[in-house]
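Observations on the three-dimensional arrangement
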Amino acid sequence: MTERGPLAAVSPLDGRYARYTEPLVPYASERALMRARVEVEVEYLVALADLDATPLTIDDDQRATLRALYEEFDDDDASVVKQLETEGYGEYSATNHDVKAIEYFVRLGMPEGLDADHWIHFGLTSEDVNNLAHRLLVKPAAEDVLVPELREIRDSLVEMAQTYADVPMLARTHGQPATPTTFGKEMAVYASRLGRAIGRIERAAGDLSGKLAGASGTYAAHHAAYPDVDWPAFSKAFVADLDLEHEPLTTQVNPCDDLAVLFDALRGANNVLLDMDLDMWLYVSDRYLGQETVAGETGSSTMPHKVNPIDFENSEGNLSKANSDLTFLGDYVTSSRLQRDLSDSTVKRNIGAAFAHCLIGYGKCQNGLAKVVPNEQVMLDDLNDTPEIIGEAVQTILRREGHDDAYEQVKKATRGREVTMADFEAMIADLDVAEDVRAELEALTPPGYTGIADQLAEDV
């Protein structure tokens, strides 16, 4: 059988999009999970040695050797772990158990002179290792890979908001012409929303919690061996040393409510970007936005003129897939039959795939933003061709002046009709108002009717 490469990948994440998902490899690959499990096992062994109750002693050199097992974990080490699990390695036969293979790997790397094989995985269940290992990967994947990408998008939106703060643009509510806005102000809305969403992700990642309480969450094995040790306090300190919050009450399984919160926070950010992707696509369709061409790039296989908004479309597709996966994950990992079932094990292996679709979507969104330029003349022409939008301003000023029928008067003159500025001028000329008010009304124009949109955009 020939070696499988990207063109034979069964998932686009490891095939077509592999170059985009590379930053997640240290956190989402099977090798990464192996390394994180080794870290948990090694640090737990060291923590046991620091307990006065145990006879285990590990000196500084031995600790350094043990920690090198995960600090220098590489492809060769991952291959050994996989062999331990699937076919056997050295004196060990195949475990057919991924965490037991980690235990044997640590045994193989035991420093010379340290007789501690029987202390590895002491009193633990596999979920004690797995729940901590997953969070050691999920936390930096969110904080160090996904959040920086989102911040880049927000920075781009802020720059666009401030650059185009005073560029007037026709707004549309219900798809129909509405009170004008500015392009910058609309970008500011997305920047503001995305900033809040990023904050929710950061808080959720910071609140990830771990458990270390044995087969049923009762510390039973630990307590049987050393009943005088305060094992909950030991567990809390150990989990805190891994930079995680402590989950004190669990079954065998960490309930994963913390992961569900993070997945939901990511969905929130994705929804902001999905909303923006759709709007940017429509702005391109309306020619409000032009797109910079890329030399050699093809827009259509049959229509040579086309420059398609493919980045926003690709972002939309990947973020929609990510949200589907994140919803499934959040719903699934928070339940377990009685004290434990194993169905979540295979499900959690797909966290990386959900994050990968997020990462691709963020990159494509950023690419799309980098290519678009507001077509100010098209926006201006559209405003001037839609003079009825100043009707709101006219009736509001008339209300201020005490005209009880102001709304009805303007409605009768504009609703469902093709209106020109000359029509407004004639209507304003016939109004019973003071001359300064008439001048105020006559000064109204569609491009000038944007309120304080420019200030709102500048303040984002």
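None of the values given here were measured: they were computed from a predicted structure.

All told, the structure shown has 29 salt bridges when counted by the stated rule. The shortest N-O distance in the salt bridge between Arg31 and Asp75 comes to 2.4 Å. Of this pair, Arg31 sits in helix 3 (residues 30-49) while Asp75 sits in helix 5 (residues 75-86), and the two are 44 residues apart along the sequence. A residue is classified by how much of its surface remains accessible, and Arg31, at 34% relative accessible area, is partly exposed. Through salt bridges with shared partners, a single network forms among Glu127, Arg340, Asp344 and Lys348.

On to the environment of Val239. Structurally, the position occupied by Val239 is in helix 10 (residues 231-241). Each C-alpha atom, one on Val239 and one on Leu45, is 13 Å from the other, the two residues being 194 residues apart in sequence. Setting aside anything within four residues of it in sequence, one finds Val239 in contact with Leu132, Gly210, Leu244, Glu245 and His246.

For the chain, per-residue confidence averages 93 on the pLDDT scale, and residues scoring 70 or more make up 96% of the total. When the criterion is pLDDT under 50, residues 300-306 qualifies, and its contacts beyond four places in sequence or with other chains add up to three contacts.

This next bit is on the state of the cysteines. Scanning all chains against the criterion turns up zero disulfides. No disulfide involves Cys358; its nearest neighbouring cysteine sulfur is the one of Cys365, lying 12 Å away. Using a relative accessible area of 0% as the deciding quantity, one classes Cys358 as buried. Overall, the relative accessible area of 0% leaves Cys365 in the buried class.

Before going further, it helps to spend a moment on the nonpolar core. A general trend in soluble globular proteins is that nonpolar side chains are found buried together. Among the nonpolar cores identified, the biggest contains 124 residues, and Phe183, Leu262, Met280 and Phe355 are the most heavily contacted of them. Tallying contributions element by element places helix 7 (residues 126-163) first for this core, with 17 residues. Not counting residues within four places of it along the chain, the set of residues in contact with Leu262 comprises Val138, Ala142, Ile201, Ala204, Ala205, Leu208 and Phe355. Counting residues in each nonpolar core, the second largest holds 17 residues, with Ile390, Phe424, Leu431 and Tyr449 among its members.

Helix length check: helix 7 (38 residues) gives 54 Å between terminal C-alpha atoms against 56 Å at 1.5 Å per residue, within 8%. Within helix 7, the axis deviates most sharply at Val147, by approximately 35°, and proline Pro148 lies no more than four positions further along.

We now examine unusual backbone geometry. Its identity as a non-glycine residue notwithstanding, His121 has a phi of 65°, on the positive side. Note that His121 resides in the loop between helix 6 (98-108) and helix 7. Despite not being glycine, Leu338 shows a phi value in the positive range, around 50°. Looking at the element boundaries, Leu338 is found in the loop between helix 12 (310-332) and helix 13 (343-348).

Parameters and conventions
Residues numbered from 1 in each chain as written. Predicted model: local features only at pLDDT ≥ 70, side-chain atom pairs only at ≥ 80, totals over all residues. Heavy atoms only, no water. Salt bridge = Lys/Arg side-chain N within 4 Å of Asp/Glu carboxyl O. Helix = DSSP H or I, 4+ residues; strand = E, 2+ residues; numbered from the N terminus. Buried < 20%, exposed > 50% of the residue type's maximum accessible area, 1.4 Å probe, protein only. Contact = heavy atoms within 4.5 Å. pLDDT = per-residue confidence, 0-100. Disulfide = S-S within 2.5 Å. Core = buried A, V, L, I, M, F, W, Y, C linked by side-chain atoms within 4.5 Å. Expected span 1.5 Å × (residues − 1). Bend = angle between axes of the 7 residues up to and from the residue.

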